[in-house]
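Inside the fold
Chain by chain, the residues:
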Amino acid sequence: MFMIPKDARITLDPEEIPKQWYNLAADLPDLKPPLNPATGKPATAEDFATIFCKPIIEQEASTKRFIDIPEEVRDNLIFLNRPAPMQRAYHLEKFLKTPAKIYFKREDMSPLGSHKGNTALAQAYYNAEAGIHMLTTETGAGQWGTALSMVSNLFDIDTTVFMVKGSYNQKPFRRTLMEMYGAKCYASPSEYTDFGKRILKEHPDTTGSLGIAISEACEMAAKDEHTCYALGSVMNHVMLHQTTIGLESMLQMEKADITPDYMIACAGGGSNFAGFTFPMMYEKIRGKSECQIIAAEPKASPSLTEGEFKYDFGDTAGMTPMIMMYTLGHDFIPKSIHAGGLRYHGMSPLVSAAYDQGLMTAKSYDQPDTFHAGVTFARTEGIVPAPESCHAIKAAIDTALECKARNEEKTIVFCLSGHGFLDLYGYQQYMDGTLPSSSIDE
Ligand SMILES: *Cc1c(COP(=O)(O)O)cnc(C)c1O
């Protein structure tokens, strides 16, 4: 008789959704505050108040270690298919002939397609609590825009999404999804903001970037006192909300007796990486784990592996406060890649500080190699991963092959940040052999 192994799929009950988020800011020494570029002094709550509501501003600056998750957010996480399962990639292990064990956390099971709903829910909730019923935002590949568009409905919020033009043209069904959920979706740079118009005039053929889309969304929010801005990654409060992923994972690993030697996630602005790994970093900081934590980023915008740790703007126009992060420069426009969610010039300040303090390492990968990993994963595990998630899979496969070369039975756990059903155009290019390299050196 075929026995399903105990660790094939590790599930949790709805009551086991965490009751509190974990805040790494409580445990990182020497965190540098955001600066007001005009004064060079630490940014004040007023500096943020033109675009963010009060509860979000407070959370952004909080150094409290554990922060309660509001009941209404917890309840709604169930409809995003939380707690998300953790699964063992038996077929992939067998295909690779590796002695390593490979597990993955399934953020692809959210009806919204990625991990983005975890923070979208929290942000929509806090804005509605503060009486804000209009939000603007940016989106790269469309995952964040999709998530915010949907959860906005639960809190009676109208959402406007500036979508990076390259993705807008490459992934038209993402726009359909956002419009189905009731949001307005504009290709960025757009004619709807002064900054968009300026960029269009200077670079009429630009494919846009996350930095430009952020500037447009901020401009629109700043001009209307009833409108706030929501960001899908990078900021501390977003990292905080995403720790639901890692806290669930820690509990699952405890229940199934899994001690990871490696934890791996892709990193664009850093939110799924942070959410997945920060609870483990807390263990490392307390000397309770030796787990190696690896961020996988694209060669097209390798902020950790090739960027500089310095103060820079979060957006292209220079409208945000200056933040201390690994950055390629706020005017750096990454090559257009299918992993649009990773096309960001900087990195979350918390992830950047963790990297600077040696709590983690990073690797960068070229686009065709990541798609190769994604197709291998689809053929063995049956799941079509998001092009962003393919970076984590590539890093996990490489690590498993290193274990094979050294004949080591290590345990690898990675985060599958989303599914790739709306990215089949990229996969078709890969299958046809026409998928271009994404390295900034070429
Ligand atoms: C947005 C996104 C990412 C990258 O953003 P992070 O903030 O770095 O997590 C990765 N994977 C998927 C599926 C995404 O939608």
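The biggest cluster of nonpolar side chains holds 88 residues, and the ones touching the most others in it are Tyr229, Phe273, Phe278, Met281 and Met360. If one sorts the elements of this core by residue count, helix α12 (residues 271-285) sits on top with seven residues. Leave out the neighbours within four places in its chain, and methionine 281 touches Leu24, Phe273, Ile293, Ala354, Leu359 and Met360. In this structure, Ala100, Ala392, Phe414 and Leu416 belong to the second largest nonpolar core, which totals 29 residues.

The next thing to look at is helix α5 (residues 117-129). Between its first and last C-alpha atoms α5 spans 18 Å; for 13 residues at 1.5 Å apiece the expected length is 18 Å, and the two agree. Of all 13 residues making up α5, 11 are buried, and the element is well covered by its neighbours. Where α5 terminates, the next one or two residues include glycine 131, which has phi positive at roughly 85°.

What follows deals with the site of the ligand. Every one of the 18 residues lining the ligand counts as a neighbour, but Lys116, Ser233, Gly268, Ser271 and Ser417 are closest to it. Glycine 268 is positioned such that a nitrogen or oxygen atom in its backbone is 2.7 Å from an oxygen atom of the ligand. The residue makeup of the shell around the ligand, split by class, is four nonpolar, 12 polar and two charged.

The strands that make up a sheet are held in pairs by hydrogen bonds between backbone atoms, and each pair lies either parallel or antiparallel. Spatially, four strands are ordered β8-β7-β6-β9 in an open sheet, and the strand pairing comes out parallel. Edge positions in the open sheet fall to β8 (184-188) and β9 (227-229), since each of these has one partner strand only. Averaged over all neighbouring strand pairs, the angle between strand axes comes to 25°, with direction disregarded. As paired elements, strand β7 (residues 158-164) and β8 share five bridges and run parallel to each other. Bridge assignment links threonine 160 to a residue of β8, and that residue is lysine 184. Each of β6 (134-139) and β7 touches helix α6 (residues 143-154); the most contacted strand, β6, lies at about 160° to it.

Reading guide: rules and limits
Residues numbered from 1 in each chain as written. Predicted model: local features only at pLDDT ≥ 70, side-chain atom pairs only at ≥ 80, totals over all residues. Heavy atoms only, no water. Core = buried A, V, L, I, M, F, W, Y, C linked by side-chain atoms within 4.5 Å. Buried < 20%, exposed > 50% of the residue type's maximum accessible area, 1.4 Å probe, protein only. Helix = DSSP H or I, 4+ residues; strand = E, 2+ residues; numbered from the N terminus. Contact = heavy atoms within 4.5 Å. Expected span 1.5 Å × (residues − 1). Near = heavy atom within 4 Å. Polar contact = N/O pair within 3.5 Å; in protein donor to acceptor, adjacent residues only side chain to side chain. Nonpolar A, V, L, I, M, F, W, Y, C, P; charged D, E, K, R; others polar. Pairing = 2+ DSSP bridges. Axes fitted to C-alpha atoms, helices over the stretch in contact; angles between N-to-C directions.

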